[in-house]
Amino acid sequence: MATTVARSLLRPRQAGTRLMSSASQRTALYELHKKHGAKFGPFAGWDMPLVYADQGALDSHLHTRKYASIFDVSHMLQTRIVGKDRHRFLEHLVVADLKELPEGGATLSLFTNPSGGIEDDTIITQQRDSLYVVSNAGCADKDLAHLLKHAKIFQSEGADVEVLKIDDHSLIALQGPASQRVLEQLAAVNLSEMPFMTGRFIDIKGVPCHVARSGYTGEDGFELSIPTGEVVSITQALLENPQVKLAGLGARDSLRLEAGLCLYGSDIDSTTTPMEAGLTWTVGKRRRAEGGFIGADIILDQIANKGGSRRRVGLVVEGAPARAHAKVLSAEGEEIGEITSGVPAPSLGKNIAMAYVKKGFSKKDTALKVQVRNRVQNATVVKTPFVPAGYHKV
């Protein structure tokens, strides 16, 4: 059987439930969001909070940069890959070197397709007896089907591997420079020696949780996989700290863009290669030498020969904000690309964007133009992240 519902990340717990509506799914924190005056919007088949009554997206963004915010990310797909052949199996599907990843180490990786495109980005953590995989909500059904399909093929060839979907744990992200201090108060552990992009099991208020030092804001922070039956009480306990507030998708998008992080379906998709997206650093050294992952021939050829027809860049845009699908022009007016994401950056007081442009136009300080409605505005290529990262260093 290619899938089993995992009833626990490590220890058996009573399964929680997710609330449902006729239109879309709701996380276990839905009523808590309502209590705090959340305005909801649809995202990947879920009713998700956008903003809250006590602060708009701008204030929420700035609060996260200064203190700490909680983001409900329970809509994301959590899976475990188990069995003695788990590394060989998952390395066929992603570009990371998982065999050499130390226990507790985590890495951003990419699911790839035969054309060298990116099917999704994912964070994988090496646990003692499994690989813990967190994937995007918008790709959840596709990713799970992909994992199960290939697990069945591997199993038919005698491999010892199994894909376990985790359905009894919710996921929240505590993000911001105050995150460590806040979490230490509930976990009664010293987290100063826990590096960014690592994960471990920690009891929070006596509840066993998986805690990963990672996130999607460019700040220090943690993603907490919590038994669903306990997620409300733990979230409420975190909110008792005056430096912690709830934050929604509005702030999450501007924070991740300032951090230079891609949104799947906007800045990367199944037609985008790691070379074009500036994500070749996710391809492990051993994987470059050995290949063995889907689309390796195309991806490794592009890395070796600096191939691909376009490059992802960061832009600072003068005038009105440039939104997705706005045309990017050369200084001479030639159409050379397209905006994929764009927002006013609250931390900078400038309008920023990500775009794909033809090779030859991606060098820092290159002067370009962006067509916003019927106006042509000046833009400049800049290095990302737009805002320096606040990741914890040991």
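Conventions adopted
- Residues numbered from 1 in each chain as written.
- Predicted model: local features only at pLDDT ≥ 70, side-chain atom pairs only at ≥ 80, totals over all residues.
- Heavy atoms only, no water.
- Helix = DSSP H or I, 4+ residues; strand = E, 2+ residues; numbered from the N terminus.
- Rg over C-alpha atoms; globule rule 2.2 N^0.38 Å.
- Buried < 20%, exposed > 50% of the residue type's maximum accessible area, 1.4 Å probe, protein only.
- Contact = heavy atoms within 4.5 Å.
- Lys, Arg positive; Asp, Glu negative; His and termini not counted.
- Charge placed at Lys NZ, Arg CZ, Asp CG, Glu CD.
- Axes fitted to C-alpha atoms, helices over the stretch in contact; angles between N-to-C directions.
- Parallel < 35°, antiparallel > 145°, perpendicular 65-115°, else oblique.
- Left-handed = near helix turned anticlockwise from the far one by under 90°.
- Nonpolar A, V, L, I, M, F, W, Y, C, P; charged D, E, K, R; others polar.
- Phe/Tyr/Trp six-rings, centres within 6.5 Å; stacked < 30°, edge-to-face > 60°.
- 1 Å grid on protein atoms, 1.4 Å probe; cavity = no way out; pocket = protein on both sides within 12 Å on 5 of 7 lines; lining within 4 Å.
- Points joined across faces, edges and corners; volume = space filled by probe spheres on them.

*Asks:* Report on the overall build of the chain, specifying residues and quantitative values.
*Replies:* Across its full length, the chain holds ten helices and 20 strands. The C-alpha atoms of the chain give 21 Å as radius of gyration, which agrees with the globular expectation for 394 residues (21 Å, within 12%). Its C-alpha atoms put the chain at 65 × 55 × 45 Å along the principal axes. When burial is assessed residue by residue, the chain has 57% of its 394 residues classed as buried. Counting only contacts in the chain whose residues sit at least 6 apart along the sequence, the fraction spanning at least 24 positions is 66%. Taking the average location of the 47 positive side-chain charges in the chain and that of its 43 negative ones, the two points are 3 Å from each other.

*Asks:* Any details on the packing of helix 5 (residues 179-187) against helix 6 (residues 231-239)? Residues and values, ideally.
*Replies:* In the contact formed by helix 5 and helix 6, the axes pass within 10 Å of each other and the chain directions differ by 125 degrees. It follows that helix 5 is oblique to helix 6 by the angle criterion. In the crossing of helix 5 with helix 6, the sense of the turn from one axis to the other is right-handed. On the side of helix 5, the interface is formed by Val182, Leu183 and Leu186, while helix 6 contributes Ile234, Ala237 and Leu238. Grouping the constituent residues of the contact of helix 5 with helix 6 by class yields six nonpolar, no polar and no charged.

*Asks:* Requested: an account of the packing of aromatic side chains, with residues and values cited.
*Replies:* Taken as a whole and assessed by the stated rule, the structure comprises three aromatic pairs. Between Phe89 and Phe154, the aromatic rings sit 5.3 Å apart at their centres with planes inclined by 80 degrees, giving edge-to-face as the arrangement. Residue Phe89 is located in helix 3 (residues 86-93), and its partner Phe154 is located in helix 4 (residues 140-156); the two are separated by 65 residues in the primary sequence. When sorted by exposure, Phe89 lands in the same class as Phe154, which is buried. A ring pair is formed by Phe196 and Tyr391, whose centres lie 4.2 Å apart and whose planes are at 20 degrees; its orientation type is stacked.

*Asks:* Lay out the layout of surface pockets with the relevant residues and their values.
*Replies:* Rolled over the atoms, a probe as big as a water molecule pinpoints where empty space is left. Estimates place the volume of the second largest pocket at around 310 Å³. The wall of the second largest pocket is formed by 18 residues, among which Gln25, Trp46, Ala140, Asp141 and Lys165 lie closest to the centre. Listed by contribution, the elements that provide at least two residues to the lining of the second largest pocket are strand 5 (77-82), helix 4 and strand 9 (162-166). Here the lining of the second largest pocket gets three residues from one element, more than from any other, and that element is helix 4. Counted by class, the lining of the second largest pocket contains eight nonpolar, six polar and four charged residues.

*Asks:* Tell me about unusual backbone geometry, and please be specific about residues and values.
*Replies:* Going from Thr384 to Pro385, the amide bond is cis rather than trans, its omega being 5 degrees. As for its placement among the helices and strands, Pro385 is situated in the segment after strand 20 (375-382). Unlike most non-glycine residues, Ala188 shows phi in positive territory, near 55 degrees. The topology assignment puts Ala188 in the loop between helix 5 and strand 11 (199-204). A residue is classified by how much of its surface remains accessible, and Ala188, at 72% relative accessible area, is exposed.

*Asks:* Any details on empty space enclosed by the protein? Residues and values, ideally.
*Replies:* For the structure on display, the rule yields four cavities of 30 Å³ or more. Approximately 80 Å³ is the volume found for the largest cavity. Contributing to the lining of the largest cavity are Ile123, Thr125, Tyr132, Val134, His210, Ala212, Ser214 and Glu223. Here the residues of the lining of the largest cavity are counted per class, giving four nonpolar, three polar and one charged.

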